[in-house]
Amino acid sequence: METSSRPERRSPDDDAAATEHPEITFIGCARCGTLIAGLDGRYACSGCGWVNEWTEGHRPLPAARRRRS
């Protein structure tokens, strides 16, 4: 099975239908080629330990929320 380094989106590419829930995406690992899943374009390979840069995600990370005391 040949893998691609381009992300494969499993949901429609319609920005109007975007929700606040993370989208599961799949990509071939840049180091070993294993097919891996990630959330919103952020990946970590359990086979070889490769991790992509967090800024490569499809949308900004959510802001931290303040805890109630």
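Right above here is the structure, for reference.
First, a word on what this report is: a plain description of the structure on this page. All figures in this text were calculated on a predicted structure; none of them were measured in a lab.

**A closer look at the overall build of the chain**
Moving on, step 1. A tally of helices and strands in the chain yields zero helices and three strands.
Moving on, step 2. Order of helices (α) and strands (β) in the chain, N terminus to C terminus: β-β-β.
Moving on, step 3. The burial tally for the chain puts 22% of its 69 residues in the buried class.
Moving on, step 4. Counting only contacts in the chain whose residues sit at least 6 apart along the sequence, the fraction spanning at least 24 positions is 17%.
Moving on, step 5. When the accessible area of the chain is evaluated, it comes to approximately 5900 Å², of which 49% is carbon and sulfur surface.

**Focus: the pairing of strand β2 (residues 24-28)**
Moving on, step 1. Of the strand pairs in this sheet, β2 and strand β3 (residues 35-39) are connected by five bridges, and their pairing is antiparallel. Looking at the pairing, glycine 28 lines up with leucine 35 of β3.
Moving on, step 2. Linking β2 to β3, which pair antiparallel, is a turn of six residues; within it glycine 33 sits at a positive phi near 85°.

Each value, and the rule that gives it
Residues numbered from 1 in each chain as written. Predicted model: local features only at pLDDT ≥ 70, side-chain atom pairs only at ≥ 80, totals over all residues. Heavy atoms only, no water. Helix = DSSP H or I, 4+ residues; strand = E, 2+ residues; numbered from the N terminus. Buried < 20%, exposed > 50% of the residue type's maximum accessible area, 1.4 Å probe, protein only. Contact = heavy atoms within 4.5 Å. Areas by Shrake-Rupley, 256 points an atom, 1.4 Å probe, with all protein chains shown as cover. Pairing = 2+ DSSP bridges.

From the geometry alone we can't say anything about function, so treat these as descriptive.
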